[in-house]
Amino acid sequence: MPERGARFGGHPVHPALVSLPIGLWIFSLAADVVRGLGGGPVWRDLALYTLGAGIVGALIAAVPGFIDYLSITDARVRDIAVAHMVTMLVVLGVFASSFWLRWSGTLSALPVALSVLGVALLGHDQPRLAQPAYGVAVARLVEEGPDGAGDLGPHAMDVIDL
C-alpha cells in the first residue's frame, strides 16, 4: 500500500506538528494559573505570547492535516477526520478569541475562561482520534504484514475489533 498524505522521510507530518500548539496552549493556561495565584505580570505576558504562538503553530499543522484529509479513502476514517477538523476549528476560534481579548486589554476572567474551554475541547477530541487511528494502523499491518508480505495469523483480526 503506497504512503499517502503529507509525509517527511516516510513519516506523517501532521501528528509531529500538533504537539507544539497543544503544549503552548496548555502552558499558556498554566501561566494564567500562576498569574492568578499571585505571579507577577510577566506571567500574563507569557500566557499571551504562548497562546499566540500556539495559534500560529496550529495553522501550520493544519496544512499537512488537510493534505492528509484529502488522501483519506475510507469512509469511517473520513468521518472521524471531519469531526476532528470541525473540533479543531472550534478550538482555534476559542483560542483566537482569548488571544484577541487579551491583546485588546480585556482584564476580565473571560480570556482565561476561554483558554480553559479550549484545553477542555482538546482533551475531548483525543479519545476520538486515538482508538480509530490505532485500528486503521493495525488493519494496515494485518493487510500488509510486518514485512509487507501479508497475513499475521488467525487472531490478527481480533486486535482490530475495537
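Residues numbered from 1 in each chain as written. Predicted model: local features only at pLDDT ≥ 70, side-chain atom pairs only at ≥ 80, totals over all residues. Heavy atoms only, no water.

Caption draft 1: Quick look at the overall build of the protein chain. Helix and strand counts for the protein chain come out as five helices and two strands. When burial is assessed residue by residue, the protein chain has 31% of its 162 residues classed as buried. Here the analysis covers contacts within the protein chain between residues at least 6 apart in sequence; of these, 63% occur between residues at least 24 apart. Split by element, the accessible area of the protein chain, about 9600 Å² in all, is 71% carbon and sulfur. (Helix = DSSP H or I, 4+ residues; strand = E, 2+ residues; numbered from the N terminus. Buried < 20%, exposed > 50% of the residue type's maximum accessible area, 1.4 Å probe, protein only. Contact = heavy atoms within 4.5 Å. Areas by Shrake-Rupley, 256 points an atom, 1.4 Å probe, with all protein chains shown as cover.)

Caption draft 2: Region of the structure containing helix α2 (residues 41-70). For α2, spanning 30 residues, the distance from its first C-alpha to its last is 44 Å, which sits close to the expected 44 Å at 1.5 Å a residue. A62 marks where α2 bends most, by close to 25 degrees; the proline P64 follows one to four residues later. (Expected span 1.5 Å × (residues − 1). Bend = angle between axes of the 7 residues up to and from the residue.)

Caption draft 3: Region of the structure containing the nonpolar core. Counting eight residues, the largest nonpolar core is built from W25, L51, I55, A58, V91, L92, F95 and L122. Every element with two or more residues in this core is listed here: α2 and α3 (75-103). Sequence-distant contacts of L92, defined by excluding residues within four places in its chain, comprise W25, I55, A58 and L59. (Core = buried A, V, L, I, M, F, W, Y, C linked by side-chain atoms within 4.5 Å.)

Caption draft 4: Quick look at α3. For α3, spanning 29 residues, the distance from its first C-alpha to its last is 41 Å, which sits close to the expected 42 Å at 1.5 Å a residue. Turning to α3, its buried residues number three or more, namely I80, A81, H84, T87, V91, L92, V94, F95, S98, L101 and R102. In this structure D74 caps α3, since a side-chain oxygen of it lies 3.0 Å from the backbone nitrogen of R76. Positive backbone phi, at 95 degrees, marks G105, one or two positions downstream of α3. (Polar contact = N/O pair within 3.5 Å; in protein donor to acceptor, adjacent residues only side chain to side chain.)

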